Structures are given as C-alpha cells and as structure tokens.
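Structure at a glance
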Amino acid sequence: MKKLLSFTVMPLDCGHVDEICLDIQQQYEQGVADCPLFKMTLVPEGDPPVDKAKAFCEQYKMFHNRLSELGIPSGVLVQASIGHGWKLSAPFPYQRFTGLRDGSTPEVVCPYDSGFRTYIADALHTIAACSPDYIMIDDDFRLLGRGVNGCGCPLHMKRFNELAETSLSREELNQILVSGNDPRLRKIYLETQREALTETARAMRAAIDSVICSS
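Residue numbering note: each chain is counted from 1, following its sequence as written. Residues qualify for local features only when their pLDDT is at least 70, as the model is predicted, and side-chain atom pairs are given and counted only at 80 or more; totals for whole chains, interfaces and linings, by contrast, use all residues. The basis for every side-chain value is the complete set of heavy atoms in the structure, and neither hydrogens nor water enter the calculation.

A look at the side chain of Lys 52
- Only DSSP runs of H or I covering at least 4 residues are called helices, and only runs of E covering at least 2 are called strands; the numbering of each starts at the N terminus. Along the chain, the position of Lys 52 falls in helix α2 (residues 52–69).
- Each residue is assigned to one of three classes by its accessible area relative to the maximum for its type, calculated with a 1.4 Å probe on protein chains only: buried under 20%, partly exposed between the two thresholds, exposed over 50%. A relative accessible area of 12% places Lys 52 in the buried class.
- Definition of a polar contact: a pair of N or O atoms within 3.5 Å, with one able to donate and the other able to accept a hydrogen when the atoms are protein atoms, and with sequence-neighbouring residues admitted only if both atoms are side-chain atoms. At a separation of 2.7 Å, a polar atom in the side chain of Lys 52 contacts the main-chain carbonyl oxygen of Val 43.

A short note on the pairing of strand β4 (residues 134–137)
- Strands are labelled as partners when DSSP assigns at least two bridges between them. Relative to β4, strand β3 (residues 75–80) runs parallel, the two being bridged by four bridges. Among the inter-strand pairings, Gly 75 is bridged to a residue of β4, identified as Tyr 134.
- For the handedness criterion, the strands are oriented away from the viewer, and a crossover whose path from the first strand over the helix to the second runs clockwise is classed as right-handed. Remark: the β3/helix α3 (residues 114–128)/β4 crossover connection has right-handed handedness.

Let's talk about a nonpolar patch on the surface
- Patch membership requires over 30% relative accessible area and the absence of a salt bridge. Like charges are linked within 9 Å, and nonpolar side chains (Val, Leu, Ile, Met, Phe, Trp, Tyr) within 5 Å. Each accessible area value is a Shrake-Rupley result obtained with a 1.4 Å probe; residue values ignore everything except the protein chains displayed when judging cover. One speaks of a salt bridge when a side-chain nitrogen belonging to Lys or Arg is within 4 Å of a carboxyl oxygen belonging to Asp or Glu. Residues Leu 5, Phe 7, Tyr 134 and Met 136 make up a contiguous nonpolar surface patch of about 310 Å² in total accessible area.
- Within the secondary structure, Phe 7 sits in strand β1 (residues 7–10).
- Classification of Phe 7 by relative accessible area gives partly exposed; the value is 31%.

Focus: the packing of aromatic side chains
- Centres within 6.5 Å make a pair out of two Phe, Tyr or Trp rings, where for Trp the six-membered ring is used; the pair is then stacked when the planes are under 30 degrees apart, edge-to-face when over 60, and tilted otherwise. Summed over the entire model, instances satisfying the criterion amount to six aromatic pairs.
- Ring centres of Tyr 94 and Phe 116 lie 6.0 Å apart, and the angle between their planes is 70°; this geometry places the pair in the edge-to-face category. Of the two residues, Tyr 94 is situated in the loop between β3 and α3 and Phe 116 in helix α3; the sequence distance between them amounts to 22 residues.
- You can call Phe 116 buried: its relative accessible area is 0%.
- The rings of Phe 38, Tyr 60 and Phe 63 are connected pair by pair, giving a single aromatic cluster.
- Over the aromatic face of Phe 92 sits the side chain of Arg 96, whose NZ or CZ is 5.9 Å from the ring centroid.
- For the cation-ring pair, Arg 146 lies above Phe 97, with the distance from its terminal atom to the ring centre recorded as 5.6 Å. Note on geometry: a ring has a charge over it if NZ (lysine) or CZ (arginine) is within 6 Å of the ring centre and within 35 degrees of the ring normal.

Concerning the pattern of salt bridges
- Summed over the entire model, instances satisfying the criterion amount to 12 salt bridges.
- Measuring nitrogen to oxygen at the nearest pair gives 2.8 Å for the salt bridge that ties Asp 34 to Lys 3. Placement of Asp 34 in the loop between α1 (17–29) and β2 (35–41) and of Lys 3 in the segment before β1 is noted, with a sequence separation of 31 residues between them.
- Assessed through its relative accessible area of 61%, Lys 3 is described here as exposed.

Concerning the nonpolar core
- Membership of the largest hydrophobic core comes to 49 residues, with the highest contact counts inside it found for Phe 38, Met 40, Leu 42, Ile 120 and Ile 127.
- Counting residues per element, the ones that place at least two in this core are α1, β2, α2, β3, α3 and α6 (183–214).
- Per element, the largest residue contribution to this core is eight residues, and it comes from α3.
- Whether two residues touch is decided by their heavy atoms; if any such pair falls within 4.5 Å, the residues are in contact. Not counting the four nearest positions on each side in its chain, Phe 38 is found in contact with Met 10, Pro 11, Leu 12, Ile 20, Ile 24, Tyr 60, Phe 63, Leu 67, Ser 74, Gly 75, Val 76 and Leu 77. By nonpolar core we mean a set of buried residues, namely Ala, Val, Leu, Ile, Met, Phe, Trp, Tyr and Cys, connected to one another through side-chain atoms within 4.5 Å.

Re the environment of Lys 54
- Structurally, Lys 54 is set in helix α2.
- We classify Lys 54 as exposed; its relative accessible area is 52%.
- When the C-alpha positions of Lys 54 and Glu 171 are compared, they lie 40 Å apart, and in sequence the two are 117 residues distant.

Topic: the packing of α2 against α3
- Helix axes use the C-alpha atoms of the stretch in contact, all axes being lines fitted to C-alpha atoms, and the angles between their N-to-C directions lie in the range 0 to 180 degrees. As a packed pair, α2 and α3 sit with axes 9 Å apart at the nearest point and diverge in direction by 15°. Relative to α3, α2 is oriented roughly parallel. For α2 against α3, the interelement crossing comes out right-handed. Seen from α2, the contacting residues are Lys 52, Ala 53, Lys 54 and Cys 57; seen from α3, they are Tyr 119, Ala 123, Thr 126 and Ile 127.
- Amino acids are sorted into nonpolar (Ala, Val, Leu, Ile, Met, Phe, Trp, Tyr, Cys and Pro), charged (Asp, Glu, Lys and Arg) and polar (every other residue, Gly among them). Classifying every residue of the contact of α2 with α3 gives five nonpolar, one polar and two charged. Each angle is binned into one of four classes, with values under 35 degrees roughly parallel, values over 145 roughly antiparallel, values of 65 to 115 roughly perpendicular, and all other values oblique. Each crossing gets its hand from how the near helix is turned against the far one by less than a right angle, where anticlockwise is left-handed and clockwise is right-handed.

Comments concerning the layout of surface pockets
- By volume, the largest pocket amounts to about 150 Å³.
- Only protein atoms enter the 1 Å grid used here. Points where a 1.4 Å probe fits but cannot escape make up a cavity, open sets with protein on both sides within 12 Å along at least five of seven lines make up a pocket, and a residue lines them when an atom lies within 4 Å of a point. Around the largest pocket, the lining is made up of 11 residues, and of these Ala 128, Ser 131, Pro 132, Ile 208 and Ile 212 lie nearest the centre.
- Elements with a contribution of two residues or more to the lining of the largest pocket: β4 and α6.
- Broken down by element, the residue count for the lining of the largest pocket peaks at three residues, all from α6.
- Residues of the lining of the largest pocket, tallied by class, amount to eight nonpolar, two polar and one charged. Grid points are joined across faces, edges and corners, and a volume is the space filled by probe spheres set on the points.

Laid out in structure tokens, this is it:
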C-alpha cells in the first residue's frame, strides 16, 4: 500500500529563504509534513497575460535548491488557474466564466477558451522544467459548485447547442434544467462542463509530460 502523503503549503517569500527552509526541515524531520508545496497563483492578468510562471519559478528555484541540499523534496501548488473569483489587477483576454443561472461574469476564465488552454499549458511546462517533486492544482479548477449552475458562456452554449442540436439561449437552457423535465439535455449540459475541464487538464498533463519524457 502506498503511503498517504501530507503536504505543507508555503509562501515564496524570497526574503526569508533560510527561515522558511528551516521551518520545512523541522516539519519534515518531525513527521508533520512529507513535502512543502509552494504557492503560485497563475490566473492570467493583462493582455497579453504576464508570464507569472516564469517569475514564480525564479523564486521557487531558490527554495528547491536549498531543500535539495537538505535532502527534502518540494513541489508546487497552482493555487489559482482559472481563478477563485477575486479582483484581478488587469483583465485577461480570454472568455470569462458566465453563470448559467444569472449571467454573472466573475473574474474567472472559462477553460473552453483555446487561448487560455495554451497559456496554462505553457505555464505548467515552465513549472515542470524546474523539476518539482509534486504539482497540485487547487480547487478553483471547477465549473459546477460555484453557486450559479455552472458555465453558460458563449463557448459553452455553442458547444451545448452543437451536441443537443438545439438553438437555446442561456436563459432558456437554465429554465429547462431547473425544471428537471429533460434528462437528455441535462446530461448533455453536464458533459460540456466536464469536457471543458478535462480537455484543459489533458493539455496541462501533456505539457508536464513533455518535460519529463525529454529529460
């Protein structure tokens, strides 16, 4: 049976590398945590988006190298990918998540956007090139469970109508789903939510594997 790993989430505070690594070493030696995960918030900002992964990795290398000298593994927590919804410093150029129920557009990216898919895959490629022992994706990588019945953005509605052979609006689809009168359309809608995430996850995984397989 594989051992259940415990992680400790740490900041990339380059002003306190020695102190943080000492804290991690104590946690590691005392059995508190098996591996630190350093936080990177990669939700895109700016047009074109800032290369956050590159900047974060320059910081991460300082901790990775020090911990490697101590014989301690380390990894990365992608603490934001499509976004938790907090206010960003600059808008991104990709399709926003759009609440099916109310049309709300928080500062969250829809993973159906091919431009975003390229952006986040490139970011994971950059991270993988730093040789972390683990990479974890945070729970912002979701569409359902945001309190607005999932994403009904133009990309999602286009894909839904293609699969369902309909021409429904976001409002019309929401009414049908809330009524529960059409299990077929509900199944197709859920498939669009799943597909947007899984296709993006595959792109992220492929980016990581491209580094692993070439090393």
